[in-house]
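Structure assessment
Below are the chains, spelled out letter by letter.
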Amino acid sequence: MATEETDHEDGVQSIDPDDVDTEDILGSAIERREDPALVSGEAEYTDDIQKPEMTHMAMVRSQYAHAEIEEVDTSAAEEMDGVVAVYTADDLDVPGNLPVGWLLDSLEQVNHPILAGDRVRYQGDAVAIVVAEERYQAHDAADAVDVEYERLDAVAHPGEALDDDAPVIHEEAGSNQAFDWEIGDQEATKQAFEEAETTVSLDLHNQLLIPNAIEPRATVADYHPRTDELELDMTSQNPHVHRLLMSGVIDHPEHKLSIRAPEVGGGFGSKIHHYADEALTALAAKDLERPVKWTATRTETYITDAQGRGHETTGEMALDEDGNITGLRVHTKANMGAYLSTFAPSIPTYLYATLLSGQYEIPTIYCTVEGAFTNVPPVDAYRGAGRPEASYVVERLVRQAAREVDMDPAEFRRQNFVPGDAFPYETPVAMAYDSGDYQKTLDRAKEMLNYEEFRERQEQAREDGRYLGVGLSAYIEACGIAPSELVGELGAQAGLWESSVVRFQPSGTVTVYVGTSGHGQGHDTTYAQIVADKLGVDYDDIEVEEGDTDEIPQGMGTYGSRSAAVGGGAIVESAEKVIEKGRKIAAHQLEADPEDVEFENGEYQVAGAPDRSVTIQDVAGASYLAHDIPDDMEPGLEATSFFDPENFVFPFGMHAAIVEVDPDTGEIEFEEYVAVDDVGNQINPKIVEGQIHGGIAQGIGQALYESAEYDDNAQLTTGSMQDYAVPKSSHIPEIKTASTVTESPHNPLGVKGVGEAGTIAAPQAVVNAVVDALEPFDVDHIDMPLTNERVWRAINENGGEH
Amino acid sequence: MYPAQFDYEKAGSVSEAIDAISGHSDAELIAGGHSLLPTMKSGLAEPEMLVDIGDIDELHGIEHHDGHTHIGAMTRYADVAEDNTLWEEAPVVAETTEMIGDRQVRNRGTVGGNIAHADPASDLPGAVLAADATVHIAGPDGERSVEADDFFHGMYATDVGEDELVTGVQVPHEGTAGAYAKKPNPASGYALVGVAVRLTMDGDTVADARIGANGVMDHGTRLEPAEDAVEGQALSGDSIGAAGDAAGSSLDEYMVMEDQQASAEFRLQLLGAYTERALEAAGERAGVL
Ligand SMILES: Cc1cc2nc3c(=O)[nH]c(=O)nc-3n(C[C@H](O)[C@H](O)[C@H](O)COP(=O)(O)OP(=O)(O)OC[C@H]3O[C@@H](n4cnc5c(N)ncnc54)[C@H](O)[C@@H]3O)c2cc1C
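Criteria and cut-off values
- Residues numbered from 1 in each chain as written.
- Chains lettered and ligands numbered in written order.
- Predicted model: local features only at pLDDT ≥ 70, side-chain atom pairs only at ≥ 80, totals over all residues.
- Heavy atoms only, no water.
- Helix = DSSP H or I, 4+ residues; strand = E, 2+ residues; numbered from the N terminus.
- Rg over C-alpha atoms; globule rule 2.2 N^0.38 Å.
- Buried < 20%, exposed > 50% of the residue type's maximum accessible area, 1.4 Å probe, protein only.
- Contact = heavy atoms within 4.5 Å.
- Areas by Shrake-Rupley, 256 points an atom, 1.4 Å probe, with all protein chains shown as cover.
- Lys, Arg positive; Asp, Glu negative; His and termini not counted.
- Charge placed at Lys NZ, Arg CZ, Asp CG, Glu CD.
- Near = heavy atom within 4 Å.
- Polar contact = N/O pair within 3.5 Å; in protein donor to acceptor, adjacent residues only side chain to side chain.
- Axes fitted to C-alpha atoms, helices over the stretch in contact; angles between N-to-C directions.
- Parallel < 35°, antiparallel > 145°, perpendicular 65-115°, else oblique.
- Left-handed = near helix turned anticlockwise from the far one by under 90°.
- Nonpolar A, V, L, I, M, F, W, Y, C, P; charged D, E, K, R; others polar.
- Pairing = 2+ DSSP bridges.
- Phe/Tyr/Trp six-rings, centres within 6.5 Å; stacked < 30°, edge-to-face > 60°.
- Lys NZ or Arg CZ within 6 Å of the ring centre and 35° of its normal.

1. Topic: the overall build of chain B
A tally of helices and strands in chain B yields twelve helices and 14 strands. The C-alpha radius of gyration of chain B comes to 19 Å, within 12% of the 19 Å expected for a compact globule of 289 residues. Taking the principal axes of its C-alpha atoms as reference, chain B extends roughly 55 × 45 × 35 Å. Taken across its 289 residues, chain B has 55% of its residues classed as buried. Taking the contacts inside chain B whose residues are at least 6 apart along the sequence as the reference set, 62% of them involve residues at least 24 apart. When the accessible surface of chain B is split by element, carbon and sulfur atoms take 42% of a total near 11,900 Å². Measuring between centres, the 15 positive side-chain charges of chain B sit 8 Å from its 53 negative side-chain charges.

If you want it as C-alpha cells, here you go:
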C-alpha cells in the first residue's frame, strides 16, 4: 500500500461547498453543513423537546458508595405539590436488570437492577424515582424521599478490591474478581525474559476519567396506550442497540419501541451504554400514560456516567544486547466499577491487550487482566477505550527501555518498528495489522520538531538550569471492529456490521439512511460527500438521516471510530447497488446493452457514443414513473446494504511534544506539539483535523489535569468542574498536524478512523516529554495526571539533580 | 442545579438595601451573583430573600480624586481592568481584575461582591491588601471605613456586619509599581496561589513594599517577611530570591489550605515562586529590573 504525505502545519483551510465541483467533493475540506443550526441554538436536543401534559422525573440517588438499604420512606415526597408518582424497586414488575453485551469465559455476571432494592453499590446508584408536574417539584420531592442506610465498607481501587480482606460488593460472586483473562504465550514470554540481556519494568496507573460531553444524558418518553407504542427521544450514540437492550429490560416488544436521538451534544462513549435512567423514564411514561422527561444534572453525570480507564498495571519489557525488544509481559488490574456496564468486559481485554504490540515487532507477548468490582460508577468505553491504556503501557516501556540500553528513543523505535514490507503483519496478540509505514510518520515528526537540533538545545539548556524534554508516542489503534463473526468468537453479544439505505426521490434528490448515530462528528457533511462522489449528484441534493429506529432499517451506532470505516462502507455498497439498477434502466432507455453503459460523474453513457447519455437523476425519475423500465424490474431507485468488513482498520501515527519543566514549581510549558497521523483516506481533512485537535485536548487533559478521585469511602472528591480539571483552551498548545495516507484495504473508501487517534496518542507523548526533561533528576516515571505537585515531588524525590 | 424558592427585591438606594436586609432574618444581597448563584444552585445556600443592589447608581463607577481612586462596590472587574488611571496609579488592582475568571465572569462579577464574599481563593483580597485600600461600609448606623488590613477575618468572613453592605473601595495613588502573579487552579480558575505586590521605589531602592497573598490561608494575607526582605534595598535577583524564601515563613503551616491540586507543603513552595514572579514583574514595571 503506497503512503502519501500531506502537510497542514498552519492548519487546514475550510472551503465553501459551493466552490467545489462534485468530482472533487470527496476529500475536500468543506465546511460542516450541520454547524449553523448547532452554533445558533436552533438545533433540537433532547431537553428542548416539549410535549403536551409532559411530566418531569428526578432520581433519588444514594449518597453512599456502599450500603444496605434499610427502608425507603416516600410518604413525605408523595404529599408534595405537583408530585405525580414515586416509585421504588418494589413498584417495578419488569425484569429491570441491565444486560452485559460482551461475555468472557471467566466473567461473573452479576445483577444490575435499574433501581437498587436492598443494596447500593456506588454513590449515585438509584434508589427511587419521583415524577412531578414540574422539574423543580420533582427535584424537591426527590430530596424529601427518606432512605435509611446501613453503611458498609467501600473500596474504590482495583488493587485494593482484589485483596482478600476487601469488602465484597456482589455476594453472589463471592469475591470482587469480575474476570481473570489472558492473551499471548505465557511460556514463550517467560523464556524471553529468562534469556534477555536486560529487562525494564514500570508500575503504571492509568487513572479513572469522567466523560464530559457538553450535553448531559437525557430522555423523553411518550407512551400511546391505544397502539402500545412507546417512543423515546434520548441522548444515544446507538438508538438501535438501545432499543434491543431496552425491550428486554422493560419487557416491551421491540417493534413497539422506537428510539430517536435528536442532536446529541457529545458522547465520547458515555452515551453508548444502557443505563438505568432511560429505562426508568420509559417505565414511568408507560405506567402514567403521560410523557416523562428526565435530564441529568451535571452533578449526576459526574456520579453516574460510565467512567473510563482505571488500570493498575505492571509492564515489563525484555531486550537483547542490541536493543531489540524480545518480549513483553503485562499484568493489569482493571476497575470495572460497581456493575458491569454494557460493553465493559471487552474494554480492558480485547480492546486493550490486543494492541500491546504497538508499532513494534515483538516476538512474544503475554498479558493477564483481572477485572475488579469496586464502589465507583460502572467503567466502560471512553474515547479510545482500551487502546489508550495499551498505547500508554507500550510507549512508556519503550521510552524506559531506550534509556536502559542507552539509545535515543527515536532510534530505538526505528530499530524495533514493524518494517514497511511486513504487512499484513500478525502480532503475537491476535491482531493482523492491515497496512502501515511507521518509519515515515517518525521521520516526518522528527523533521517538524527539528529533532536533532532540539537535542543540542536540550543539552545547552540543561547547562543553564533549564529542563526541556521531547516525548514521542508511536501509536496504533484498531477501530471499526469487525467482522461480526470474529467479534462473536471474542464474546460480543452483537454483530458489528452497519446498515444503510440510499434512496432517490423521483425528482432526483437523494436521502441516505445509515445506522451510525453521529453526535458532533459531522456525519451529515461527510456522508453526503461520499454519496455525492459515488452518485455524481450535487452535494446539496443529498440529505443524511441517522439516529432514528423508525427511519433507519438497523444500525450499530457510532463509537470506536467506526462510522466512516463501517457506516461509510455500507453507504458505498448501497450507492453501488443503486448505480447498478440505474444502469439497467439507462441501458433500457438508451437501447444499449447494460454492459456497454458506463457511469461517470452522475451520467450513464453508451461507451463510445457520448451523445447517448442520461443522468442518474433522470433515471431516478423514470424508475418511479415506471412507464418505461425493463419488464422484469421493480419500480423505484433505492438499495439497502449491510456491510460487515473483513477486518478492523489500524490507524497509526506519531505524536510528539516538546516541553519545558520548571523545577521550582513543577509547571510544564509546551513548546511544540506535532501530530502526524495516518487515518487512511480523508473524506474531509478539516473534520479530520478537528477530531485530531479534540482528541489531543482530551489526551493532554488526561496527561496533565483530569482524574476522578475517590476517598476511603469511595466518595467522589472531584464531583464538579471546580475540582475536576477539564482542560480549557488555554491549557492546550498550538498543534501542528501533518498526515500520511495509507489506504485501508478493508473497506471501499480506504478510510481508517480518526475519532480516537488524538486521545490515544497524546498522554504518553506528554509524559515521555516530561520524563525526558527530568532525566538529570533520575525520574523514571510520574503517574498521570502530572500535576505540578507530582512533578515537583518527583524532581525532589531523588535528592535533586544528578 | 435547582435552587430552593426565594423572594426577590430590587433596592433603589443604599438605604433601601439596608432596610431590606435588616428587616429580614434571612436575606442576602445579590451583586454580580457569580458566587451567590452557584452556591444556591448547588444547595449550599438557601436564602429566603435576595436583595438586588445592581441598580443602585451610587454603587457604580470609578471616580478618580487627587491621591486616590474610589471604586463603587457594583463596579464590574472589566471596567476596572480597562481603567487607564488605575493602571498608572494602582496597577496591582488593575492587573488583578484582569486576571479574574474569564470574560463572562469579569463582565458580571463586582469589586464589592468579591471582597465581601471573601472566598479564600479569590483574587481581589491580595490586591486590596497590597494597595493599602480602604473599604467603605454602610449600615443602619451610617457609614464607616475599614483598612484592608482589618477587613478580612477568615474564610467567607469579613468586617461587614449582617445589616451592612460594602459601598466601595478607596485605592490610594501610592507606590510606583505593582503586579499580580497568579497560579490558577486548573479546574476552577481561582487562585491556587496569587501574590499581589505594591512597591514604592526611591530610585533603585525599595522604600516600601506591600505584598498580599490569596489562596494560601483561609483569607487574604500580608506576607510581611517577604516585604522585609526587599525593603530598604535595591531590587535584585538576590533580594527577590530572599523574599521568595521568606514568603511563607510567618504562616502557620497547619493552617495552609490543601486541596486536590496542592498540599500545604506545595502551596508554600508555589507561594515562594509566585512571590518572586510578582516582584520581578513589579520591578520591571518600575524600570529597575
Ligand atoms: C466560573 C467562575 C469563575 C470565577 N473565577 C474567579 C477567579 O478566578 N477569581 C476570583 O476572584 N473570583 C472568581 N469568581 C467569583 C467572582 O469573582 C464573583 O463574582 C465574586 O466572588 C463575587 O462577586 P459578585 O458580585 O458576583 O457577588 P455575588 O455573588 O452577588 O455575592 C457574593 C456574596 O457577597 C455578598 N455581597 C455582594 N455584594 C455585596 C456588597 N456590596 N456588600 C456586602 N455584601 C455583598 C452577597 O450577599 C453574597 O453573599 C468566579 C466565578 C465564576 C462563576
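2. Description of unusual backbone geometry
The omega torsion of the bond from Ala 482 of chain A to Pro 483 of chain A falls at -5°, within 30 degrees of zero and hence cis. You can see Pro 483 of chain A is positioned in the loop between strand E19 (467-476) and helix H13 (484-489). The amide bond that connects Met 784 of chain A to the next residue, Pro 785 of chain A, takes the cis arrangement and shows omega of -10°. Here Pro 785 of chain A shows up in the loop between helix H18 (757-773) and helix H19 (788-797). One non-glycine residue, Asp 132 of chain B, lies in the positive phi region at around 60°. One can find Asp 132 of chain B in the loop between helix H8 (124-130) and strand E6 (134-139).

3. A look at the site of the ligand
Residue and element names in this part refer to chain B. By nearness alone, 28 residues border the ligand, and Leu 29, Gly 33, Tyr 77, Thr 110 and Asp 123 come closest of all. For the ligand, a nitrogen atom lies 2.7 Å from a polar atom in the side chain of Asp 123. Tyr 190 has a polar side-chain atom sitting 3.0 Å from a nitrogen atom of the ligand. Protein chains bury 90% of the 960 Å² of accessible surface belonging to the ligand in isolation. If you list the elements that add at least two residues to the shell around the ligand, you get strand E2 (27-30), helix H7 (111-117) and strand E10 (165-172). With four residues, H7 is the single largest residue contributor to the shell around the ligand.

4. Some points on the side chain of Thr 46 of chain A
Residue and element names in this part refer to chain A. Assignment of secondary structure puts Thr 46 in the loop between helix H1 (35-40) and strand E2 (55-61). On the basis of relative accessible area, Thr 46 is assigned to the buried category, the value being 1%. Setting aside chain neighbours within four positions, we find Thr 46 in contact with Glu 215, Ala 218, Thr 219, Val 220, Asp 233, Met 234, Thr 235, Pro 262, Glu 263 and Lys 293.

5. Topic: the packing of helix H9 (residues 387-404) of chain A against helix H10 (residues 409-416) of chain A
Residues and elements named next belong to chain A. It is the contact of H9 with H10, at a shortest axis distance of 9 Å, that shows an interaxial angle of 110°. Overall, the two elements H9 and H10 adopt an arrangement that is roughly perpendicular. In the crossing of H9 with H10, the sense of the turn from one axis to the other is right-handed. In this structure, H9 uses Glu 395, Val 398, Arg 399, Ala 401 and Ala 402 to contact H10, whose residues at the interface are Pro 409, Phe 412 and Arg 413. Tallied by class, the residues present in the contact of H9 with H10 amount to five nonpolar, no polar and three charged.

6. So, the sheet that holds strand E14 (residues 308-319) of chain A
Residue and element names in this part refer to chain A. Spatially, five strands are ordered E8-E16-E15-E14-E9 in an open sheet, and the strand pairing comes out mixed. Two strands lie at the open edges of the sheet, namely strand E8 (177-184) and strand E9 (198-209), each paired on one side alone. Between one strand axis and the next, the sheet turns through 10° on average, direction left out of account. Looking at chain direction, E9 and E14 are connected through eleven bridges and run antiparallel.

7. What about the packing of aromatic side chains?
Residue and element names in this part refer to chain A. Counted under the stated rule, the structure contains 17 aromatic pairs over all chains. Judged by centre distance (6.3 Å) and plane angle (35°), the ring pair of Trp 102 and Tyr 350 falls under tilted. With Trp 102 in the loop between strand E4 (83-88) and strand E5 (119-120) and Tyr 350 in the loop between strand E15 (325-337) and strand E16 (365-373), the pair connects residues that are 248 residues apart, well separated along the chain. Tyr 350 shares its class with Trp 102; the two are buried. Site record: aromatic cluster; members linked through ring pairs are Tyr 360, Phe 417, Phe 423, Tyr 438 and Phe 652. When the ring centre of Tyr 539 is taken as reference, the NZ or CZ atom of Arg 33 above it lies at 4.2 Å. It is Arg 329 that lies over the ring of Phe 193; its NZ or CZ is 4.2 Å from the centre.

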